[in-house]
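# Examination of the molecular architecture
Each chain, written out:
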Amino acid sequence: MTQILNFFAETANYTLCSFERAPRICNYSFRCTVMQMCLDVTELKSACVCFQEEPGPGPGGGLCFADGRRRVDYVLVYHCKRRQSQHRHSVVSNGNVPSQSPTPSRRSTKGDILEAVLEAGLAMEPANELQDKIREEFERGLQEEGLEIEHDKEVCVDVCILTVRFTRLHVPWSILSREAELLKIRVPTKKTYQLKEKTGLMGVISSFWMKINQPFQPGVPEPQDPRIRAYEILRRTACTQTCQTMGISSLLAKGVYDSAFPLHDVSFMLHEEWANYGACCKYQPMDLIRKYFGEKIGLYFAWLGVYTQLLIPASALGVAVFLYGCFTVDTNVPSQEMCDERLNFTMCPLCDRVCDYWQLSSICSTARTSYLFDNHATVGFAIFMSLWAAVFLEHWKRRQRCLQHSWDLTGMEDDEVRKNELRPAYEDFLLKKQEKKAKNKKKEESLSWTDRLPGYCINISSILLMVGVTFSAVSGVILYRIIVFAVMSMNPDHEAKANVRVTVTTTAVIINLLVVLVLDEIYGAIAAWITELEIPKTESTFEEHVILKAFLLKSMNAFAPVFYVAFFKGRFAGRPGDYVYVFKDFRMEECSPGGCLIEVCIQLGIIMLGKQLIQNNVFEIAIPKLKKMYRTYKEEKDGSADDEDKDSKREPQRWDLDYDLEPYEGLSPEYMEMVIQYGFVTLFVASFPLAPVFALLNNVIEIRLDAAKFVTEIRRPDAVSAKEIGIWYNILSGISKFAVITNAFVISFTSEFIPRMVYQYLYSETGTMHGYTNHTLAYFNTSNFKPGTAPHDTDFDRQLRICRYKDYRDPPWSLESYQLSKQYWSVLAARLAFVIFFQNLAMFLSMLVAWLIPDVPRSLKEQLKREKALLMDLLLTEEADKQSWQHAHDMIKKYDVEMDSKPITLYIANTL
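Residues numbered from 1 in each chain as written. Predicted model: local features only at pLDDT ≥ 70, side-chain atom pairs only at ≥ 80, totals over all residues. Heavy atoms only, no water.

Counting its secondary structure elements, the chain contains 29 helices and 17 strands. Long-range pairs, those at least 24 residues apart, make up 80% of the contacts in the chain with a sequence separation of at least 6. Split by element, the accessible area of the chain, about 44700 Å² in all, is 59% carbon and sulfur. (Helix = DSSP H or I, 4+ residues; strand = E, 2+ residues; numbered from the N terminus. Contact = heavy atoms within 4.5 Å. Areas by Shrake-Rupley, 256 points an atom, 1.4 Å probe, with all protein chains shown as cover.)

Okay, the state of the cysteines next. Tallying each qualifying case throughout the model produces 4 disulfides. There is a disulfide in this structure between Cys339 and Cys364, and the S-S distance comes to 1.8 Å. On the sign convention where negative is left-handed, the bridge of Cys339 and Cys364, at about 95° about the S-S bond, is right-handed. Here the residue Cys339 occupies a position in helix H11 (residues 333-339), and Cys364 occupies one in helix H12 (residues 364-373), the gap between them amounting to 25 residues. Judged by relative accessible area, which is 19%, Cys364 ranks as buried. (Disulfide = S-S within 2.5 Å. Buried < 20%, exposed > 50% of the residue type's maximum accessible area, 1.4 Å probe, protein only.)

A separate point is the packing of aromatic side chains. Overall, the coordinates contain 40 aromatic pairs when judged by the stated rule. Ring centres of Tyr300 and Phe301 lie 4.9 Å apart, and the angle between their planes is 70°; on these two criteria the pair is classed as edge-to-face. The class of Phe301 is buried, set by a relative accessible area of 0%. In this structure, Arg716 is placed above the aromatic ring of Tyr292, and the distance from its NZ or CZ to the ring centre is 3.8 Å. Sitting above the plane of the Tyr779 ring, Arg804 keeps its charged end 3.8 Å from the centroid. (Phe/Tyr/Trp six-rings, centres within 6.5 Å; stacked < 30°, edge-to-face > 60°. Lys NZ or Arg CZ within 6 Å of the ring centre and 35° of its normal.)

On to the packing of helix H7 (residues 247-254) against helix H15 (residues 424-436). The N-to-C vectors of H7 and H15 enclose an angle of 75°; their axes lie 9 Å apart at closest approach. Put simply, H7 runs roughly perpendicular to H15. Facing Ser249, Ser250, Ala253 and Lys254 of H7, the residues of H15 in contact are Pro424, Glu427 and Asp428. When the residues that make up the contact of H7 with H15 are grouped by side-chain class, the tally is 2 nonpolar, 2 polar and 3 charged. (Axes fitted to C-alpha atoms, helices over the stretch in contact; angles between N-to-C directions. Parallel < 35°, antiparallel > 145°, perpendicular 65-115°, else oblique. Nonpolar A, V, L, I, M, F, W, Y, C, P; charged D, E, K, R; others polar.)

Direction vectors running N to C along helix H24 (residues 727-750) and helix H27 (residues 822-852) enclose 150°, while the axes themselves pass 9 Å from each other. Taken together, the axes of H24 and H27 lie roughly antiparallel to each other. The hand of the H24/H27 crossing is right-handed. On H27, the residues touching Lys737, Val740, Ile741, Asn743, Ala744, Phe745, Ile747, Ser748 and Phe749 of H24 are Leu828, Arg831, Leu832, Phe834, Val835, Phe838, Gln839, Ala842 and Met843. For the contact of H24 with H27, a count of residues per class yields 13 nonpolar, 3 polar and 2 charged. (Left-handed = near helix turned anticlockwise from the far one by under 90°.)

With that out of the way, let us pick up the side chain of Asp718. Positionally, Asp718 belongs in the loop between helix H23 (691-713) and H24. In terms of polar contacts, Asp718 uses its side chain to reach the side chain of Tyr74, at 2.7 Å. Apart from the residues within four sequence positions on either side, Asp718 is in contact with Tyr74, Tyr231, Pro262 and Phe293. (Polar contact = N/O pair within 3.5 Å; in protein donor to acceptor, adjacent residues only side chain to side chain.)

Here the focus is the side chain of Asn459. Tracing the sequence through the fold places Asn459 in helix H16 (residues 449-488). Under the relative-accessibility criterion, Asn459 is labelled buried at 4%. Ignoring any residue separated from it by four or fewer positions in sequence, one finds Asn459 in contact with Ile530, Thr531, Leu533, Glu534 and Lys549.

The subject of this paragraph is the pattern of salt bridges. Any two side chains of opposite charge can pair if their charged atoms end up close together. Summed over all chains, the structure comprises 23 salt bridges. Between Glu145 and Arg236 there is a salt bridge, with the nearest N and O atoms lying 3.5 Å from each other. Residue Glu145 is located in the loop between helix H3 (126-144) and strand E4 (148-152), and its partner Arg236 is located in the loop between helix H6 (231-234) and strand E7 (238-239); the two are separated by 91 residues in the primary sequence. Taking the relative accessible area as the measure of exposure, Glu145 reaches 22% and is therefore partly exposed. Residue Arg236 is classed as partly exposed on the basis of its relative accessible area, which comes to 32%. A salt bridge links Lys569 to Glu589; its shortest N-O distance comes to 3.7 Å. Taken together, the residues span a long stretch of sequence, with Lys569 in the loop between helix H19 (539-567) and strand E12 (574-575) and Glu589 in the loop between strand E15 (586-587) and helix H20 (597-638) at a distance of 20 residues. Of the two residues, Lys569 and Glu589, both sit in the buried class. Through salt bridges with shared partners, a single network forms among Arg481, Lys569, Glu589 and Glu599. (Salt bridge = Lys/Arg side-chain N within 4 Å of Asp/Glu carboxyl O.)

As annotated by UniProt and renumbered to match this structure, "transmembrane region" (unreviewed entry) occupies residues 300-324, 377-396, 463-488, 508-530, 551-568, 675-697 and 832-853. Secondary structure across residues 300-324 divides into 100% helix and 0% strand, with the first and last C-alpha atoms of the span separated by 36 Å. Each end of residues 463-488 is marked by a C-alpha atom, and these two atoms are 37 Å apart; helix forms 100% of the span and strand 0%. (UniProt positions renumbered as here; feature names shortened; annotations may be inferred.)

In this structure the tally under the stated criterion is 9 cavities of 30 Å³ or more. Of the voids in this model, the largest cavity is the one considered here, and its volume is about 170 Å³. Around the largest cavity, the lining is made up of 17 residues, and of these Pro334, Met338, Pro593, Gly594 and Arg756 lie nearest the centre. Those elements giving two or more residues to the lining of the largest cavity turn out to be H11, H12 and helix H26 (772-776). (1 Å grid on protein atoms, 1.4 Å probe; cavity = no way out; pocket = protein on both sides within 12 Å on 5 of 7 lines; lining within 4 Å. Points joined across faces, edges and corners; volume = space filled by probe spheres on them.)

Where nonpolar side chains cluster on the molecular surface, the patch consists of Phe844, Leu848, Trp851 and Leu852 and spans about 490 Å² of accessible area. Note on placement: Phe844 falls in helix H27. (Patch = residues over 30% accessible without salt bridge, like charges linked within 9 Å, V, L, I, M, F, W, Y side chains within 5 Å.)

Within the largest apolar cluster, 109 residues are counted, with the highest numbers of intra-cluster contacts made by Trp274, Phe293, Trp303, Tyr307, Trp388 and Phe392. Element by element, the count of residues in this core is highest for helix H10 (residues 295-328), at 13 residues. Those residues in contact with Trp303, other than ones at most four positions away along the chain, are Phe392, Trp396, Tyr671, Met674, Ile725 and Leu732. Counting 24 residues, the second-largest nonpolar core is a separate cluster that includes Tyr74, Leu169, Ile175 and Ile233. (Core = buried A, V, L, I, M, F, W, Y, C linked by side-chain atoms within 4.5 Å.)

Here is the structure:
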């Protein structure tokens with residue numbers, strides 16, 4: 001039946017299966033059927049053939065076999081040791097030997113790479129000989145699948161060195177068609193229809209919006225190339241005779257091949273329309289990205305684009321909150337009182353013995369700066385950001401559904417084959433276990449919990465150890481702050497003493513930043529290592545476990561210093577005459593009278609900005625370039641003995657250039673960087689309203705930086721199908737919910753919002769903020785200092801009896817001196833009440849937003865309904881055609897067999 005369908009399809013210039021949707025306004029995709037296809041066979045066959053003038057391409061070329069016609073779809077790389085003279089030429093395994101086509105030079109290299117096989121007749125080690133057999137069986141299996149292979153052989157060399165060997169693969173058009181049927185690739189119907197255009201006010205708004213957006217659209221055509229990759233065949237080809245191995249992933253893990261990758265297309269439009277900083281104001285060409293890199297990478301950049309786009313309103317409102325603070329700082333009564341020298345608030349010493357009394361007006365600039373971020377508008381902005389997080393998640397779900405429909409992912413299980421593909425490490429461990437129990441004739445099909453118990457124990461102990469390392473790092477920075485503060489307070493310079501708090505805070509944050517960056521790299525490696533010890537069964541399970549562990553460790557590492565300053569600093573410092581000491585000499589650090597919010601702002605700003613700048617410029621740009629320079633230098637140095645092997649007349653081929661690029665390591669680092677940034681934007685936005693602004697500026701650059709990295713800095717990844725972003729959505733949802741709680745506590749316990757409200761409505765005689773500063777400062781009798789803790793030398797009156805400190809405590813002349821006052825308990829009750837109110841309000845509004853915003857856009861729903869109707873029409877038409885053919889067949893039987901065939905043909909034609 002398939003042959004008959006193929007015959008009719010080719011006769012009518014249709015194809016049974018297409019690889020990409022044709023440009024259309026609206027259509028319905030369904031599985032391959034005859035006579036409803038919209039793409040011509042010749043259009044897609046052209047994608048499988050190279051058209052060029054010469055067989056040997058120049059720089060950036062090398063996209064074809066040596067014959068200059070067949071396109072290189074995939075490249076396998078391995079290393080071999082040469083021990084005798086041999087001549088270089090190209091051999092096509094299932095084709096002819098090309099005659100006068102010189103092949104490109106091969107780079108010779110030495111390094112810690114498993115040596116591969118030699119040519120027949122050379123002295124080999126047993127391991128290399130086994131790998132040679134495995135490669136031969138694997139490539140024979142590829143040829144049986146229909147792939148065409150081209151090998152490289154070497155020129156005359158008499159020395160013994162390691163050299164890179166390339167095996168190039170080509171997938172013929174017939175194999176692509178077969179793979180399309182196996183993967184059930186969907187195609188658009190030939191029949192299309194117009195959606196009803198909007199009229200009235202909505203139509204005018206829609207037309208106006210389209211005209212505004214037109215300059216920002218990427219200038220790329222609709223992609224038409226096949227999306228079937230050779231990797232689909234490579235990952236299911238087995239080596240059952242030489243080793244029990246399935247797919248290229250296992251061979252890479254065993255060292256049979258060094259690497260495997262498709263080639264970059266240097267003439268691709270992604271360079272100009274996407275991987276270019278000049279295109280930062282344009283939308284991303286998502287269909288082109290998806291076609292070139294696959295759905296998984298396409299979904300990442302689509303998510304990043306949605307996240308960046310929604311940061312625009314959050315950034316605008318954050319700037320408005322900051323400007324509100326700037327415009328109203330001169331009318332803020334508490335900061336005016338703190339700056340008023342006439343009020344003469346004499347504060348208690350900041351350290352024992354060497355520190356003197358000081359005037360509250362000396363921190364006037366700190367108080368005014370703190371108000372810029374700690375004002376009434378901050379509370380509204382925190383509620384807005386809770387709603388913003390809910391809108392962002394809902395908007396992404398809608399965008400994801402639209403992409404699933406336009407990319408034909410609605411009926412696809414999320415790469416089910418790859419999801420159930422066993423990991424090489426799991427296969428090896430299971431094989432060893434089976435060999436041990438072979439004597440008992442007991443076949444083991446899976447690992448038991450006892451096999452994984454050692455790995456789980458190491459996992460738990462390692463995670464606890466890393467948690468301890470993080471807390472130790474934070475504690476070390478705390479000790480640095482305490483000790484340096486005490487040392488700098490001994491400085492006789494009054495100006496230096498006035499700025500000691502800011503100096504210590506800034507230097508401590510920089511140290512925190514460096515520690516965070518170093519531990520980030522260590523935690524990423526440890527997360528992968530301890531997950532390997534669990535022996536996960538599939539790649540998807542391994543990836544999820546690594547992501548969870550890495551996120552746990554990296555988020556704790558990034559947020560722990562901010563959590564300390566926001567919620568713990570100054571809470572356990574004690575009071576004058578009864579301080580808490582570290583090492584019996586150093587007092588625990590306290591917050592300034594203006595509160596700790598400005599320190600949280602400094603901590604958050606420096607860590608967030610520094611992390612983004614250093615990661616973008618150092619880890620993503622500088623380090624890969626340094627690695628490439630070092631690798632090039634090492635190859636040139638090690639290849640000096642192989643000068644005869646280099647063809648000076650020939651430029652490097654495309655596969656040479658791609659092999660020199662960094663290997664693709666997955667999307668987890670990219671997602672992790674953005675998710676940690678999302679945490680900074682949402683978790684502590686009440687203390688730093690400008691966080692969305694810096695995130696927006698970073699992401700505009702990050703999109704183009706990642707694009708340039710994927711196109712020019714790393715080897716082209718395999719196109720992997722995916723319906724969604726996976727576990728990252730759950731992590732984002734968890735962060736959004738946790739952000740409601742953290743912002744509630746920041747506003748209640750870190751900022752001065754609740755104490756101000758309590759004073760204004762409960763304790764102020766005039767109903768204003770006048771007298772608030774005096775209300776928040778407690779009294780201390782200097783005669784109650786412990787022996788040896790009072791200032792030795794003072795510029796104040798030695799008969800000074802009363803100093804002030806920030807706290808709600810009864811004065812020394814009361815019956816319960818220095819005990820927590822009623823005002824303290826009133827403020828604490830108001831703080832807890834606000835936490836409950838804010839949390840429930842934000843959660844309710846978030847749930848309301850999620851309920852009001854449907855997951856599927858209305859336009860998509862209408863389109864799906866129309867496509868179902870189109871499908872029904874198509875099925876009815878097919879049924880009618882089937883009945884016509886059956887009727888014609890019945891009529892033929894009525895005629896005599898000996899009748900001439902021509903009248904029969906005419907009769908059939910008339911009947912049809």
